[in-house]
Structure formats: structure tokens, C-alpha cells
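Notes for the structure review
Chain by chain, the residues:
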Amino acid sequence: MANTDPVRVGVLFSRAGTTSRVELSQLLGTFFAIREINDSGGIDGRELVAVHYDPQCVPQHYRALAERLVQDDHINVVFGCYMSSTRKAVMPVIEKWQRLLMYPTPYEGFEYSPNIIYTGAAPNQNSAQLAEYMTRHFGRRVYLVGSDYIYPYESNRIMSDFILERPGGAKLAERYVRLDATERDFLPIARDIKDKQPDFVFSTVVGKGTRMLYQACADAGLDPLRIPIASLTTCEAEVSEMGVRIATGHITAAPYFQTVDNAVNRDCLARFRAWCGDEVEPNMCWEAAYFQVHLFARAMRQSGSDEVGRLLPCLLGSEFDAPQGRVRIDPITHHTRLHPRIGRVGDDGRFVVVAESPVGVDADPYLVNHAADEWNMRSVALGQVDG
Ligand code: ACM
């Protein structure tokens, strides 16, 4: 008799807390993919069932709920985490019990776990391209501002290296705000940016603080056309929160924007809207959360099991036609081949893709190939669509 038991998977995204807006989009991207898989017969007739807990953006809750998924719910595969601090909290649990985490968020790189698949961008897939674009179009004097946790520290270190290795590259300031910062925390920063007049601001502020930073800069009279804020995380979720008036002109590097112009993306967005309306704004983290579930389902159809030892060999090297283009899990790094893009918010609030890589780029999470020449060569391949 064929096995008809449901396949239960763990889901850890937050509905409350500082990054809940983007995490809700990841949650719905995950549920949407699960629904598509079930609508087309499940995994060889077995229904895929999500066991979701809300860790409320607190790393210790992520860790405790990962334990619960493993120990009480006997789950083998978990989809989840946004902030790197939450991934780092879950990792020891997943490794100890030999389970698998699929992580759909851009992050700082310099990590490998045999029990994690990374489907968001590593620094050679977003930071390198953003540094190239910003220094070419705006200048080499950068002002860094971030939230107070590991991703911003590390991401700022990497961005600083990319800027400072260029002649004339300068870091004018590096400031951090608490994750629960309020509007008042951003006022002195916006004033300081205005005083120092950098060529651009690099923001690694995440969650609710994002709107506050962009708002404070607008209120200080900073013109995004002259001194834009560049980011790796400010996506459609944050743009919809801050509103068009504040967002227009700012710049983000990501493998996916809603405006990516291909049939797979258009069809996927139409199906998603038909399913859940406009409750969330699809964005790079939504897309990675969506396609990683499909990658999992395909691998499990091949392996017949979600036990890591059997599933992983089928997942490694696997490919999928995602909304951003074809993606592939690298068997050695466990990271994903992605399509680097630069988007600038237009006056309708949608990202206009102003530069994109003509080919998928494998992750180089430890920046092994990091040399100025190497990036310059890659930047030549970064097709400019804005002249
Ligand atoms: C992040 O913390 N990886 C956005």
C-alpha cells in the first residue's frame, strides 16, 4: 500500500515584532507554495501540512520553537527565519537533531551548515553589485547606518571593504540603532547625514526602523535623487509601509522585484493575488520562501523521504524556474544560484530594474574570489539598462 500519510513541515516566521511585515510575506509565500503543491496532488499523493509557530522576532523563541518542532512534532524540515540572529539561534538545534532548515533571506555570508540550505542572496550576489552601481553613479563617499545586530555589522564590514578598496573610497560614519528604535533615534542620524553630505547612504536598518530612517531623511530635506539610500533589504514590504512619497528614488539590490519582466513571474503574481489578494506585497524574501518549498517538494518526490540523509542528495544540485529566473542549489556551498539586480523606486512606488546580471550568479559565501579585478570583471557583465 502506498504511503498516504501527510508530510508535515515546520514553518517559523513571525506575525508580530519588528520584521513581521516582511516575515508575513514569507509566511504567505510558503503557504502559497504548499497550496500549489497540494492542488497538484501533493507529494506523490501525500498532503503537505504546515506546522507554523510565531516566534515574534525573538531569537530565543525561534530556538525554543525549533526544539518543539523537532521534539514534539517530529518535524524533519523547517522553512523559516528572517534576521540572521534568528537563523543563528535555530542552527544548533537543527544540527544537533540532524534536521534541515531552508532559509529564504539575504544575509551576510561567511557561513556554512550541512543542515541549512540558503536561498537568499550572499554578499557576492547583492553587495558587490550594489557597491559597483553606487560608486559608478553617485560616488565613493558612503555613510553607513544599520540596526544593532549581526547582519548589519557584517554587511557594513563587507560594504566598507568594497568601497574602501576603490581609490577615493571613504566611510564618513558608521551608526547603529536599536532594533526597537523610535522616530527620535533617527533624527540626529538624518541631521548628521545632511551635515556630512555623503554620495550615498548604505542602510542595513531592518524592520519597522526602515520607514523611520527613510522618513527622517525625507524630513531633513535629503533629496533621494542626489543622496539616495542604498539597501539590500528594503523591499516592496517596507516601501508599502513608508509610502511612495518617501520611497521614490531610493535603491535596493536584490535577485527579485515584483517588476521582473517574465512570464513565470507574471503568472505566479496573478495566481498569488487570486489566492490572497493584496494582504502582503510580494518581494525578494517572499519569492525565496515560495520557490524553496517547490525545490523541497521536487526533491522529496525523488527521495521518497524527508529524512535529511535521503532528502539532501536530491536537493543538492536541483533547479527550479523561479519568478526571478532559473535557480540552482549548489552542492558544495548549500547556497543558491541567483540573478543579481538593482532596483530604484519609481514615482508609482514600484521598483524599476536599472541594472541586472545577464546570467545567474553562484554564491561565493566566503568571498573566496574577492579581488578588485574579479569584481570589476563581473561588473562588466552587469548589463546596464539605464545607460
Ligand atoms: C538578515 O538579518 N539576514 C536580514
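Residues numbered from 1 in each chain as written. Predicted model: local features only at pLDDT ≥ 70, side-chain atom pairs only at ≥ 80, totals over all residues. Heavy atoms only, no water.

Some points on the overall build of the protein chain
Convention followed: Strands are runs of DSSP state E lasting at least two residues, helices are runs of H or I lasting at least four, and both sets are numbered from the N terminus onward. Note on method: radius of gyration uses C-alpha positions; expected globular size equals 2.2 Å times residues raised to 0.38. The buried label goes to any residue with under 20% of its type's maximum accessible area, the exposed label to any with over 50%, and the partly exposed label to all in between, with areas taken from a 1.4 Å probe on protein chains only.
Counting secondary structure elements, the protein chain contains 13 helices and 16 strands. Whereas a compact globule of 387 residues would reach a radius of gyration of roughly 21 Å, the protein chain reaches 20 Å, a difference of no more than 12%. In terms of overall dimensions, the protein chain has a C-alpha envelope of 70 × 40 × 40 Å along the principal axes. A buried classification covers 61% of the 387 residues belonging to the protein chain.

Concerning the sheet that holds strand 3 (residues 77-80)
Here is the rule: For two strands to be treated as a pair, DSSP must find at least two bridges joining them. Note on method: axes are straight lines fitted to C-alpha atoms, helices fitted across the in-contact stretch only, with angles between N-to-C directions ranging 0 to 180 degrees. Note on contacts: a residue pair qualifies if any of its non-hydrogen atoms lie within 4.5 Å across the two residues.
A sheet is described by the order of its strands in space; here five strands give the open sequence 2-1-3-4-5, paired in parallel fashion. In the strand order of this sheet, the two ends are held by strand 2 (48-53) and strand 5 (116-118), each with one partner. Ignoring which end each strand starts from, the neighbouring axes of this sheet average 25 degrees apart. The strands touched by helix 1 (residues 20-39) within the sheet are strand 1 (7-12), strand 2 and strand 3, with strand 2 carrying the most contacts at an inclination of about 165 degrees. Strands strand 1, strand 2, strand 3 and strand 4 (100-103) of the sheet are contacted by helix 11 (residues 284-303), whose axis makes an angle of about 165 degrees with strand 3.

Some words on the pattern of salt bridges
How we decide: Within this document, salt bridges are pairs made up of a side-chain nitrogen of Lys or Arg and a carboxyl oxygen of Asp or Glu, the two lying within 4 Å of each other.
Summed over all chains, the structure comprises 24 salt bridges. Here the salt bridges do not stand alone but share partners, grouping Arg87, Lys88, Glu108 and Glu111 into one network.

Observations regarding the packing of helix 2 (residues 59-71) against helix 3 (residues 84-96)
Counted only if it meets this: To sort the angles, those under 35 degrees are grouped as roughly parallel, those over 145 as roughly antiparallel, those from 65 to 115 as roughly perpendicular, and the leftovers as oblique. Whether a crossing is left-handed or right-handed is set by the direction in which the near helix is turned from the far one by less than a right angle, anticlockwise for left-handed and clockwise for right-handed. Amino acids are sorted into nonpolar (Ala, Val, Leu, Ile, Met, Phe, Trp, Tyr, Cys and Pro), charged (Asp, Glu, Lys and Arg) and polar (every other residue, Gly among them).
Following both chains from N to C, one finds helix 2 and helix 3 inclined at 25 degrees, their axes separated by 8 Å at the closest point. Classified by the angle between their axes, helix 2 and helix 3 sit roughly parallel to one another. Pair helix 2 / helix 3 crosses with right-handed handedness. Contacts between helix 2 and helix 3 pair Pro59, Tyr62, Arg63, Ala66, Glu67 and Val70 from the former with Ser85, Thr86, Lys88, Ala89, Val90, Pro92, Val93 and Lys96 from the latter. In terms of residue class, the contact of helix 2 with helix 3 is made up of eight nonpolar, two polar and four charged.

Some points on unusual backbone geometry
One non-glycine residue, aspartate 44, lies in the positive phi region at around 50 degrees. Along the chain, the position of aspartate 44 falls in the loop between helix 1 and strand 2. Of note in the backbone geometry, glutamine 98 takes a positive phi value of approximately 55 degrees without being a glycine.

Details of the nonpolar core
Heads up, the rule is: Put simply, a nonpolar core is a bunch of buried Ala, Val, Leu, Ile, Met, Phe, Trp, Tyr and Cys residues held in one set by side-chain atoms that sit within 4.5 Å of each other.
Residues Leu48, Leu100, Leu130, Phe291, Phe296 and Leu315 are the most contacted members of the largest nonpolar core, which totals 107 residues. By residue number, the principal contributor to this core is helix 11, which donates twelve residues. One finds Tyr53, Val70, Cys81 and Leu101 within the second-largest nonpolar core, a separate group that totals 20 residues.

Structural notes on the sheet that holds strand 13 (residues 336-337)
Across the sheet, which stays open at both edges, the three strands sit in the order 11-12-13 with antiparallel pairing between neighbours. The outermost strands of the open sheet, each flanked by one partner alone, are strand 11 (319-322) and strand 13. Inspection of the sheet shows strand 11 paired to strand 12 (residues 325-329) by four bridges, in the antiparallel sense. Paired with glutamate 319 across the strands is arginine 328, a residue of strand 12.

Re a nonpolar patch on the surface
Here is the rule: Nonpolar side chains (Val, Leu, Ile, Met, Phe, Trp, Tyr) within 5 Å and like charges within 9 Å form the patches, drawn only from residues with over 30% relative accessible area and no salt bridge. Residue burial considers only the protein chains on display, and all accessible areas are found by Shrake-Rupley using a 1.4 Å probe.
A surface patch of nonpolar side chains, amounting to about 400 Å² of accessible area, comprises Phe110, Tyr112, Tyr366 and Val368. Position of tyrosine 366 among the secondary structure elements: in the loop between strand 15 (351-356) and helix 13 (372-380). We classify tyrosine 366 as partly exposed; its relative accessible area is 42%.

Thoughts on the pairing of strand 7 (residues 170-177)
In this structure, strand 6 (residues 141-147) lies alongside strand 7, joined through seven bridges in parallel fashion. Paired with glycine 146 across the bridge in strand 7 is tyrosine 176.

Re helix 11
For clarity, the threshold we go by: To estimate the expected span of a helix, subtract one from its residue number and multiply by 1.5 Å. Pairs of N or O atoms are called polar contacts if they sit within 3.5 Å, as long as, within protein, a hydrogen donor faces a hydrogen acceptor (for residues adjacent in sequence, only side-chain-to-side-chain pairs).
Taking 1.5 Å of rise per residue, 20 residues should cover 28 Å, and helix 11 covers 28 Å from first to last C-alpha, within 8% of that figure. The N-cap residue of helix 11 is asparagine 283: its side-chain oxygen and the backbone nitrogen of cysteine 285 are 2.7 Å apart. Phi turns positive, to about 75 degrees, at glycine 304, one or two residues after helix 11.

Overview of helix 3
Note the following rule: Consider a residue and the seven residues that end there alongside the seven that start there; fitting an axis to each set, the bend is the angle between those axes.
Given a rise of 1.5 Å per residue, 13 residues ought to cover 18 Å, and the 19 Å separating the end C-alpha atoms of helix 3 matches this to within 8%. The sharpest bend along helix 3 comes to roughly 30 degrees, located at valine 90, with the proline proline 92 sitting one to four residues further on. Buried residues of helix 3: Ser84, Ser85, Thr86, Arg87, Ala89, Val90, Met91, Val93 and Ile94, and no others. With its phi angle positive at about 55 degrees, glutamine 98 sits one or two positions after the end of helix 3.

With respect to the side chain of glutamate 238
The line we're drawing: This count recognises Lys and Arg as positive and Asp and Glu as negative, with His and chain-terminal groups excluded.
Of note, glutamate 238 is situated in helix 8 (residues 236-242). Here glutamate 238 sits buried without a salt bridge, and the closest side chain of opposite charge, arginine 21, lies 7.4 Å off (N-O distance). Of the polar contacts made by the side chain of glutamate 238, one reaches the backbone nitrogen of cysteine 235; its length is 2.8 Å.

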